[in-house]
Every structure is written in C-alpha cells, then in structure tokens.
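# Survey of secondary and tertiary structure
Each chain is listed here by its residues.
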Amino acid sequence: MKTTARYLSKKKFLLKTILTSKVKSTIDRYKKCRFWLTKGLLRVANNWKETAPSARGQTSTAGIEGMFLGLDENRDLLVKRLNAGQDLYPNCDTSIWLRNCTRDIPTPVQGIIKGKIPEWLSGSLLRNGPGSTQVGSYEFKHIFDSSALLHRFAFKNGTVTYQCRFLESNTYKKNKAAQRIVITEFGTRACPDPCNTIFHRFSNVFKWGDNQSDNAMISIYPIGDEYFAFTEYPIMIKIDPTTLETLTTIDIGCLTGIVHHTAHPHVAADGAVFNLATVPKIDGPHYCVVKFPRVDSETGYRYSTDEMFGRMCIVATIKCRWPLHPGYMHSFGMTEHYFVVVEQPLSISLSTAVVNRFKGDPLSSALKWFQDCPTLIHLISRSDGKTVKTFKSDAFFYLHIINQYEEDNHIVIDICCYRDPSMIDCMFVEALQNLNKNPDYAAMFRSRPLRFVLPVNCHNPTSGDVENDHLYVSPEKLCDLGCETPRINEFNIGKKYRFFYAISSDVDAENPGTLIKVDTYNKTCKTWCEQNVYPSEPIFVSLPDAEDEDEGVVLSSIIWGGSECENQAGVIVLDAKSWTEIGRAVFVTQSPVPKCLHGWYAAAV
C-alpha cells in the first residue's frame, strides 16, 4: 500500500510539473504573439499617419479631433478650483448610478399623476439597467457589472403603474446564494474560490461557456411574441413583460459558435431580427450578421419565437482586420440594401483575454485602443452578404449608432462619437465616486453626434490609400451638445429621417439631466430639463394615425438626485413636436432606485 501511495504521489507531482510547464509556455507564447502583433499594428499606425494627410488634404486637427476643440473647460482653472476645495462639476450627481435596490416591487403600485397622461397610451415602458453594485459585503467595480434590474411603467386609460424586479440570471442566483461575487464580470474580478486550483483555471480557459456571466443588464428587445433581456455575451433571457418574471435562458453561442453579439439588434418591419456577432474561424475572427426570420418567404407563415431561434442563420460575414484583435462592437447599422459595420480601433486583445481568463481577471483590461489607426466603415450587401465597399475615418469611439439610410447613391450614417474610449473608465465605481476630484472627467466623457456620408459607387484612386482603396470620409457635426442613448421614430429606422432624441452626456453642463431633440435637417435642437431630475433614454411612441415623423410622445423614466429622493421613481411624457411636458407619474418606493440604461415600449402589454 505504501509503495502504491508513493507511486501515486510521484505521478501526481509529475503531472503537476508538466501542466505547470505547459501553462507557463502557453502564456509565454501569447506574450510573444502580443508583442509581434503590437509591432505590426504600430506599422499600420505609421502608414496611416503617412497617408492620412494626403488623403484629407488637411491637418490632423481638422478631422474628428477638431470637432472637439474648444469644448473642454480650461484644465488649469479646474485644477485651481480643485485646490481651492470646490466641486468641479457641482450640477452632476453621479450617485444616481450607485444606488442599490434592496427590495423588488413585484406588484404594480399606482403613481401620483401630475399634468395629464394621454389616454390613448396603452402599453408598457420596459427598462433595464444596473440594480445593485453590492453582493453581501462585496462591491462590483464597474457599473456594467451591477446586478440587472428590470422596470415596468404600465400605461392605461390615463393612469400609470410601476414595478421593478431583479433579473434572476444564473449569475445573480449564484451570487445571492454565496453572498459574494462568484463570477468575474467586465470590470470586476470574482472573489477567490479556495476550491478553484490552478488546474481548474487552466481547463476553464478552453471552456468559454463555463463561469461566464449571463447578467443581461443592458437592453430589452422583442423576438417574435416574446421579450428578452440582452447583454453582449451571446445570452438572451426571456422575461414576462407583465410580471417581469425571469423565464428561460437562450444560449445562442452553443448553437452557432458566437462568442459576442451586440446589445442592440435590429427588428425589421416584417418582425425578423438581425444582430451583429463575432465568430471565431480557422483564419481568425469574423463579424457575422445573424438573422432570426419571422416570416416564411414562400408561404407567408409566421414563425413562433421558438421557431425563429430554430431557423437562426448567418446572412453576412466579414473578416476582422486584426486576427488577434477583433473590434469591440455595441451596435451596428442596417438599411434597405446594406448592413453597416463600423469597426473602431478599440479591440479585444485575444491573448490578454486568454491570460485574463486563466488568472481570473476581468475582460476590461483586454480592451486595447489604437488612437493612430483609422476607424473602418464596411458596407455589406444584404442580398449576398459580401462586402461592397470599405471607408475609413479618423479614430473615434462609439457605443450607439443613431440611424442610417440610403439617399442618392450614398449611405448616410449618424453616430454618437467620442474621441477615445475613456468614457468606459468613467463608469468605474471609483471614478464615479471621485468625479469632483478629476479635472479630466468631463473631457473623457465628451461626445458629439456626427454624420458620415458614404458615396457607394464612388471610386477615387487618389484617396490616399491605394493599397486598400479605402476612401477617407470626414463627418459633420449634427449639434453641439453631447448626446447619448439616441432613439428615433421606430418607423424610420434604416430610412431617411429628421429627428432623434437623446439624453445629455455633458457632465459639466449647467444641467446634465437634459433631454434633447435634434433636428438633423436644420442642425438645431430643443432641450428639456428640470433641476435635480435625471431622465433616462427617451423612447418615442407614435400617435395613432400620425402623419408627421414627430407626431407623438416621448417617454423617459426619471429619478431625482440627492439621498433624500433616492426612494422615488417616475416617468415623464413629453409632446415630441413641441418638446414640452404633458404629464408625469411619480412613485414612492421602499428602496432606492438607480438610473437605468435601455428599454422598449411594448404596445398593448
């Protein structure tokens, strides 16, 4: 028995030595890969620097960077105010993101109506977003990691009710049971598990679905007759739009090999759903447009939601420009004839992501920004899935595309653009807590809505990039206000439009809690704000039998700043045409209500 025990012990030690050696060599190979890839990207950047001026015929400050000149307050003045003990952004209360809901409201509660709620409004404003940054005595490090909280404002006969409920994802249930953070999120490392040895971590590197967060806290979209909560991991969680109960989880990654998809799919007029996904292939990662068909093209038969998932297919594919650095995608565009993929130079370093997975580190540190590399805009044919043309622009970061449409042999695409992805860092909990101590915070969060006009059939061999034939395009500014979470009249998605609606992203504005209506024809805008009120994403609801694009109302959930108002929620109704308040409903809650992100108006629900 002793001989056997010694033999097994020796074998175990040998196996441990071999696996440790393999792990070390694997990490070394990834580091070498990253080193040589970085050198290659630097060459790309240098080439871009050389060709861009001749392509543009202008200095670099005249491009996207020039759009932001003069917008930031003098930093020296901000530092002086900081040294004098003054708040740098006294009008902005970031605590609205850090509130922790401690009690669900599963049963609808009646609100106090101020003004008048249109009686023709009959449906539910569904919302999704951060619900709590805490699990037991532990705290998430980034707002995007917070436990998802669903909200419902139900409109009927001039009245409004409110309810909220945590999305009971597998991640939420595991965290709640353990009273600690057990799964690593975008910006938060999981608490150490004493049972998770080096061998477990090594094996988990190759099991991308295991220990992956399904905290779908970004958006809500309909697929068929059902509603789903979305995140960027290829998970969709079906919810009951009336009770907000969590129903079933759909893992589309298992069906197609998708490792990432955007949180903003497109719902076509016939009910088909399209989304942009990243799929690894033998020659590197590809961006693929995935379709969930709603109607049989031959018989006209309308598929159920389950049948839509069963008939999911890839309809377009384009290879990522960097094999080990696929671009980060949060949204994409779709017109009558084209898919529009905007490939920004914010990438996910696959080598870093693999090492992070082994070490248990969050994905956020795998994001790499290449300021001197261009943003590429790919037009892909919807008829055959092939790339028609690729354009390039100065580097910019974006989360949300406003809209895109075809006009006179051009594609027009409007995007909420940032100079770089610093705003992601602004959403770390520590950064939000120290807002008034950071003289760079407002500049980091600065965005502007920009319009790019892409000539589809234009060929310009002197464009400055003969090798790739990527025509340089320079945008125009649609308005001089920071805009985020943009929405339009849903009937105009992919078509020529005039108006979009957004919330302010200027934290140093006189009132950061501002709702904005932008007229893209006249490049003018209207604003609505109220002291200490913070609206969320504005959602347009068309008036029955409306003739004008802006004939209807805009709904926005609201909360109030300050600790004395944290147990309060509301919804405001604006006349979309005049941009004036029609009415609102205010609700007193039993626990704090944080600011939410995205949602959907579900008619007749």
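Residues numbered from 1 in each chain as written. Predicted model: local features only at pLDDT ≥ 70, side-chain atom pairs only at ≥ 80, totals over all residues. Heavy atoms only, no water.

## Considerations on the overall build of the protein
In plain terms, the rule: Under the DSSP-based scheme used, a helix requires at least four consecutive residues in state H or I and a strand at least two consecutive residues in state E, with every element numbered from the N terminus. Partly exposed residues are those whose accessible area sits between 20% and 50% of the maximum for their type, while under 20% is buried and over 50% is exposed, using a 1.4 Å probe and protein chains only. A contact between two residues is defined here by any heavy atoms of the two lying within 4.5 Å. Where accessible areas are quoted, they stem from the Shrake-Rupley method and a 1.4 Å probe; at the residue level, only the protein chains shown are allowed to cover.
A count of helices and strands for the protein gives eleven helices and 37 strands. Counting all 605 residues of the protein, 55% fall into the buried class. For the protein, long-range pairs separated by at least 24 residues make up 65% of all intrachain contacts whose partners lie at least 6 apart in sequence. Taken as a whole, the protein presents about 26400 Å² of accessible surface, with 52% of it coming from carbon and sulfur.

## Brief notes about the pattern of salt bridges
Short version of the rule: Whenever Lys or Arg places a side-chain nitrogen within 4 Å of a carboxyl oxygen from Asp or Glu, that contact is recorded as a salt bridge.
Per the counting criterion, the structure on display carries 23 salt bridges. Put simply, Glu 537 and Arg 127 hold a salt bridge, and the shortest N to O gap is 2.7 Å. With a gap of 410 residues between them, Glu 537 in the loop between strand S32 (533–535) and strand S33 (539–542) and Arg 127 in strand S3 (residues 123–132) connect regions that are remote in the sequence. In this pair, the class of Glu 537 matches that of Arg 127, namely buried. Residue Asp 506 pairs with Arg 448 through a salt bridge whose shortest N-O separation is 3.3 Å. With Asp 506 in the loop between strand S29 (499–504) and strand S30 (514–519) and Arg 448 in strand S25 (residues 447–455), this residue pair connects regions lying 58 residues apart in the sequence. Across this residue pair, the class does not change: Asp 506 and Arg 448 are buried. Residues joined in a network through salt bridges with shared partners are Asp 72, Arg 419, Arg 446, Arg 448, Lys 477, Asp 480, Asp 506 and Asp 508.

## A short note on the nonpolar core
Threshold: Think of a nonpolar core as a cluster: buried Ala, Val, Leu, Ile, Met, Phe, Trp, Tyr and Cys residues, connected wherever their side-chain atoms sit within 4.5 Å.
Membership of the largest hydrophobic core comes to 91 residues, with the highest contact counts inside it found for Phe 155, Phe 292 and Leu 555. Considering every element that reaches this core, the biggest residue donor is strand S6 (residues 147–156), with five residues. Residues in contact with Phe 292, not counting those within four places in the same chain, are Met 236, Ile 252, Ala 272, Val 273, Met 308, Phe 309 and Met 312. Listed in part, the 38 residues of the second largest apolar core include Phe 274, Phe 396, Leu 450 and Phe 452.

## Some remarks on the environment of Leu 121
For Leu 121, the location among the structural elements is in the loop between strand S2 (112–115) and S3. Sequence separation of Leu 121 and Pro 544 is 423 residues, and the distance between their C-alpha atoms is 9.4 Å. If we skip the residues at most four places from it in the chain, Leu 121 touches Phe 155, Lys 156, Asn 157, Val 541, Val 553, Leu 555 and Tyr 601.

## Considerations on helix H8 (residues 350–359)
With eight of ten residues buried, H8 lies mostly within the body of the structure. Every buried residue of H8 is listed here: Ser 351, Thr 352, Ala 353, Val 354, Val 355, Asn 356, Arg 357 and Phe 358. Positive phi appears at Gly 360, one or two residues downstream of H8, with a value of about 80 degrees.

## Digging into empty space enclosed by the protein
For clarity, the threshold we go by: Note on definitions: the grid is 1 Å and covers protein atoms alone; a cavity is a set of points where a 1.4 Å probe fits but cannot get out; a pocket is an open set with protein on both sides within 12 Å along at least five of seven lines; lining residues have an atom within 4 Å of a point. Grid points are joined across faces, edges and corners, and a volume is the space filled by probe spheres set on the points. Only Asp, Glu, Lys and Arg are considered charged, only Ala, Val, Leu, Ile, Met, Phe, Trp, Tyr, Cys and Pro nonpolar, and every remaining residue, Gly among them, polar.
Under the definition given, this model contains four cavities of 30 Å³ or more. Roughly 380 Å³ of volume is contained in the largest cavity. For the largest cavity, the lining is made up of 24 residues, of which Tyr 221, Ile 401, Pro 486, Arg 487 and Ile 493 are closest to its centre. Among the elements of the structure, strand S8 (219–223), strand S13 (266–267), strand S23 (397–407), strand S28 (483–487) and strand S37 (598–603) are those that each provide at least two residues to the lining of the largest cavity. Ranked by residues supplied to the lining of the largest cavity, first place goes to S23 with five residues. Residues that form the lining of the largest cavity fall into these classes: eleven nonpolar, ten polar and three charged.

## Some words on the layout of surface pockets
Quantified by volume, the second largest pocket comes out at close to 1000 Å³. For the second largest pocket, the lining is made up of 34 residues, of which Val 267, Ala 268, Ala 269, Glu 490 and Phe 491 are closest to its centre. Looking at the lining of the second largest pocket, the elements with two or more residues in it are S8, S13, S23, S33 and S37. Of the residues belonging to the lining of the second largest pocket, the class tally is 17 nonpolar, seven polar and ten charged.

## Topic: the environment of Pro 486
Note that Pro 486 resides in strand S28. In this structure the C-alpha to C-alpha distance between Pro 486 and Ile 402, which are 84 residues apart in sequence, comes to 5.6 Å. Apart from the residues lying within four places of it in its own chain, the contact partners of Pro 486 are His 400, Ile 401, Ile 402, Cys 416, Phe 500, Tyr 501 and Ala 502.

## Considerations on the packing of aromatic side chains
The cut-off we apply is this: A pair of aromatic rings is counted whenever rings of Phe, Tyr or Trp (Trp by its six-membered ring) have centres within 6.5 Å, and the orientation is called stacked for planes under 30 degrees apart, edge-to-face for over 60 and tilted otherwise.
Evaluation of the coordinates by the stated rule reveals 21 aromatic pairs. Ring plane angle 15 degrees and centroid distance 5.4 Å describe the contact between Phe 166 and Tyr 172, whose orientation is recorded as stacked. One exposure class covers both Phe 166 and Tyr 172, and it is buried. When the ring of Phe 274 is compared with that of Phe 339, the centres are 5.7 Å apart and the planes differ by 50 degrees; the resulting orientation is tilted. Placement of Phe 274 in strand S14 (residues 273–281) and of Phe 339 in strand S18 (residues 338–343) is noted, with a sequence separation of 65 residues between them. Taking relative accessible area as the criterion, Phe 274 reaches 5% and is therefore assigned buried.

## Let's talk about the UniProt feature "binding site: Fe cation" (unreviewed entry) in the protein
As a reminder of what qualifies: UniProt positions are given in the numbering used here, feature names are shortened, and annotations may be inferred rather than shown by experiment. For this analysis, a polar contact is any N or O atom pair within 3.5 Å, provided that within protein one partner can donate a hydrogen and the other can accept it, and provided that sequence-adjacent residues contribute only side-chain to side-chain pairs.
Those places that UniProt annotates as "binding site: Fe cation" (unreviewed entry) correspond, in this numbering, to His 264, His 330, His 400 and His 598. A stretch of 335 residues holds the annotated residues, and the largest C-alpha distance among them is 12.7 Å, short enough that they meet in one place. Checking the named residues against the largest cavity, the ones that line it are His 264, His 400 and His 598. Of note, His 330 is situated in the loop between strand S16 (313–319) and strand S17 (333–334). In this structure, His 330 is in contact with Ile 218, Glu 232, Thr 262, Ala 263, His 264, Leu 399, His 400 and His 598, ignoring residues within four places of it in sequence. Side-chain polar atoms of His 330 contact the side chain of Glu 232, separated by 2.5 Å. Assignment of secondary structure puts His 400 in strand S23. In this view, His 400 contacts His 264, His 330, Ser 331, Ile 415, Cys 416, Glu 484, Thr 485, Pro 486 and His 598; residues no more than four positions away in its chain are not counted.

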